[in-house]
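As a plain string of letters, each chain reads:
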Amino acid sequence: MNARPLFLDFRSDTRTRPDAAMRAAMAAAAVGDDAYGDDPTVLELEAEGARLTGKQAALFLPSSTMANLVAVLAAAPGADTRLVTGTDTHIARFESVHRLGGVQLVAVAQRDDGSPEPAALAQALDDSREQPLIVSLENTCMLHAGNALDAATTQRLAGLARQHGAHVHLDGARLANAAVAWQVPVRTLAAAADSVTFCLAKGLGAPVGSLLCGSAAFVDRSRELRLELGGTMHQAGVVAAAALVALERLPRLADDHALAAELAAGLASVPGAEVAAPPRRTNIVTVRMAGLDAAELQRRLASQGVLVLPLDRGHVRFVVHREHQAAAVPVVVGALAGERLAPVTAGQPASSSR
Ligand SMILES: Cc1ncc(COP(=O)(O)O)c(C=O)c1O
């Protein structure tokens, strides 16, 4: 058996690497110049993105951060626009749409499932005093242990936003995971939103890229904004080809979710461990240990070769993706318990590698 070292880096699903099939597709990609709109592989990817999310059109961008920024700029009619989103969304915590996009950020409380608290959302919308509004939802909810929201929740919140004339944006950096977790088409979860960011470079495994999807007019405006921001990529078909391979593999995310569930159960068995239990888990597991802060916990795991990211309130996060194997679970559980284990490889007979 060809043993290879276990992949114990759980920091992010952005750490997937293109495999041989993806690299072959990249090498063979037909290209043009996307600045001129004649890159056939990008056009194919954008058509596929529009179909997948059920929107009229899609735009290929370098990252989800840029897709969110372009979405806000495209939707905001003026500097008095208010962007309402949960306090723990990626947009509120880690992006600068308010600074770069010139809009006012209004952060509202979230429920345990990661959706905005309806009363807090309603209050923020009532307070808007005729100012233009954008409401941004996130699915899955990264800082809420990757919980997947269902279509009914999104529809309810979007309905509330629309009563106030808001543009509804969905940061679906991991919308593919949410769709797989609910066993519904991506477009079912995207239906309530006017615009959707759909990341290709997280669990789907493309090396780079995100799609911003919406009406034809919205995407036309977004295309102009992408150019102004310097986000237009020329022979982008090379990376779009990898993204098309990634989309074919979308159903495979179920494997990551199953492994994340296994990891969560394993970690919960360690005395003193508290594993967050989101209502609908996807590929993220967060855990804290009694008596350890997040940095100490991160160091304990790192001393065993297990890499995680520290979060709030003592939690660290594991993000499971296609590089991970079931044989990693006992290693990670042992590392959390502070045990010293011999190095394990995926090919050892005791493992149940995927
Ligand atoms: C929910 C969410 N939105 C947006 C992003 C930004 O993605 P990117 O790294 O492609 O800019 C992330 C990144 O982790 C994310 O988790």
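Our subject is the structure listed above.
Given the structure is predicted, the values throughout are model-derived calculations rather than measurements. Counting restarts for each chain: residues are numbered from 1 in the order of the written sequence. Residues qualify for local features only when their pLDDT is at least 70, as the model is predicted, and side-chain atom pairs are given and counted only at 80 or more; totals for whole chains, interfaces and linings, by contrast, use all residues.

**Examining the overall build of the protein chain**
Secondary structure is summarised from DSSP: a helix means a run of H or I of at least four residues, a strand means a run of E of at least two, and numbering begins at the N terminus for each. When helices and strands are tallied, the protein chain shows 14 helices and 11 strands. For the protein chain, whose C-alpha radius of gyration is 21 Å, the value lies close to the compact-globule estimate of 20 Å for 354 residues. Referenced to the eigenvectors of the C-alpha coordinate spread, the extents of the protein chain come out at roughly 60 × 50 × 35 Å. Residues with at least 20 other C-beta atoms within 10 Å of their own are called buried, those with 12 or fewer are called exposed, and the rest are partly exposed. The C-beta atoms themselves are positioned from the backbone. When the 354 residues of the protein chain are sorted by exposure, 53% land in the buried category. Here the globule rule is a power law, 2.2 Å times the number of residues to the power 0.38, and the radius of gyration is based on C-alpha atoms.

**Observations concerning the packing of helix H8 (residues 175-182) against helix H12 (residues 253-268)**
Throughout, an axis means a line fitted to C-alpha atoms (over the contacting stretch in the case of helices), and angles, computed between N-to-C directions, take values from 0 to 180 degrees. Where H8 meets H12, the closest approach of the two axes is 9 Å, and the angle between their N-to-C directions is 75°. It follows that H8 is roughly perpendicular to H12 by the angle criterion. On the side of H8, the interface is formed by Ala176, Asn177, Val180 and Ala181, while H12 contributes Leu253, Ala254 and His257. Under the scheme applied, nonpolar residues are Ala, Val, Leu, Ile, Met, Phe, Trp, Tyr, Cys and Pro; charged residues are Asp, Glu, Lys and Arg; polar residues are all the others, including Gly. In terms of residue class, the contact of H8 with H12 is built from five nonpolar, two polar and no charged. Any angle between 65 and 115 degrees counts as roughly perpendicular, while under 35 counts as roughly parallel, over 145 as roughly antiparallel, and the rest as oblique. We call two residues in contact when their backbone-placed C-beta atoms lie within 7 Å.

**Description of the pairing of strand E9 (residues 284-289)**
Across the six residues of E9, six count as buried, placing the element largely inside the fold. On E9, burial covers both faces: Ile284, Thr286 and Arg288 on one face and Val285, Val287 and Met289 on the other are all buried. The rule for pairing is simple: two strands pair if DSSP sees at least two bridges between them. Of the strand pairs in this sheet, strand E8 (residues 273-275) and E9 are connected by three bridges, and their pairing is antiparallel. Each residue of the ladder has a partner; that of glutamate 274, found in E9, is arginine 288. Relative to strand E11 (residues 316-319), E9 is paired through four bridges, and the arrangement is antiparallel. Note on E11: the bridge partner recorded for valine 285 is phenylalanine 318.

**Structural notes on the environment of glutamate 95**
Here glutamate 95 lies in the loop between helix H4 (90-94) and helix H5 (97-101). Taking the C-alpha atoms as reference, glutamate 95 lies 9.2 Å from methionine 66; in sequence the two are 29 residues apart. Dropping the residues within four chain positions of it, glutamate 95 is found in contact with Thr65, Asn68 and His90.

**A closer look at the environment of histidine 324**
One can find histidine 324 in the loop between E11 and helix H14 (328-336). Its 28 C-beta neighbours within 10 Å are what place histidine 324 among the buried residues. Residues in contact with histidine 324, not counting those within four places in the same chain, are Phe7 and Leu259.

**Quick notes on the packing of H12 against H14**
For the pair H12 and H14, the least separation of the axes is 9 Å and the interaxial angle reads 30°. Between H12 and H14, the angle is such that the two are roughly parallel. The chirality of how H12 crosses H14 is right-handed. In this structure, H12 uses Glu262, Leu263, Gly266 and Leu267 to contact H14, whose residues at the interface are Val329, Val332, Val333 and Leu336. Partitioned by chemical class, the residues of the contact of H12 with H14 number six nonpolar, one polar and one charged. Two helices that cross are described as forming a left-handed crossing if the nearer one is turned anticlockwise from the farther one by less than a right angle, and a right-handed crossing if clockwise.

**Observations regarding the sheet that holds E11**
The strand order across the open sheet formed by four strands is E8-E9-E11-E10, and the pairing between neighbours is antiparallel. The sheet is open, and its two edges are formed by E8 and strand E10 (309-310), each paired on a single side. Here H12 sits on the sheet in contact with E8, E9 and E11, set at roughly 10° to E9.

**Regarding the nonpolar core**
Put simply, a nonpolar core is buried Ala, Val, Leu, Ile, Met, Phe, Trp, Tyr and Cys residues tied into one set by C-beta atoms within 7 Å. Among the nonpolar cores identified, the biggest contains 115 residues, and Val72, Ala242 and Leu263 are the most heavily contacted of them. Top contributing element to this core by residue count: helix H11 (residues 237-248), with nine residues. When neighbours within four sequence positions are excluded, alanine 242 is seen to be in contact with Pro18, Met22, Ala25, Met26, Ala206 and Pro207.

**Thoughts on the sheet that holds strand E1 (residues 57-61)**
Ordered in space as E1-E7-E6-E5-E4-E2-E3, the seven strands form an open sheet in which the pairing is mixed. Two strands bound the open sheet, and with one partner strand each, they are E1 and strand E3 (104-108). Pairs of neighbouring strands in the sheet enclose a mean axial angle of 20°, with direction left out of account. With four bridges connecting them, strand E2 (residues 82-86) and strand E4 (residues 133-138) associate as parallel partners. Bridging across to E4, leucine 83 finds its partner in isoleucine 134.

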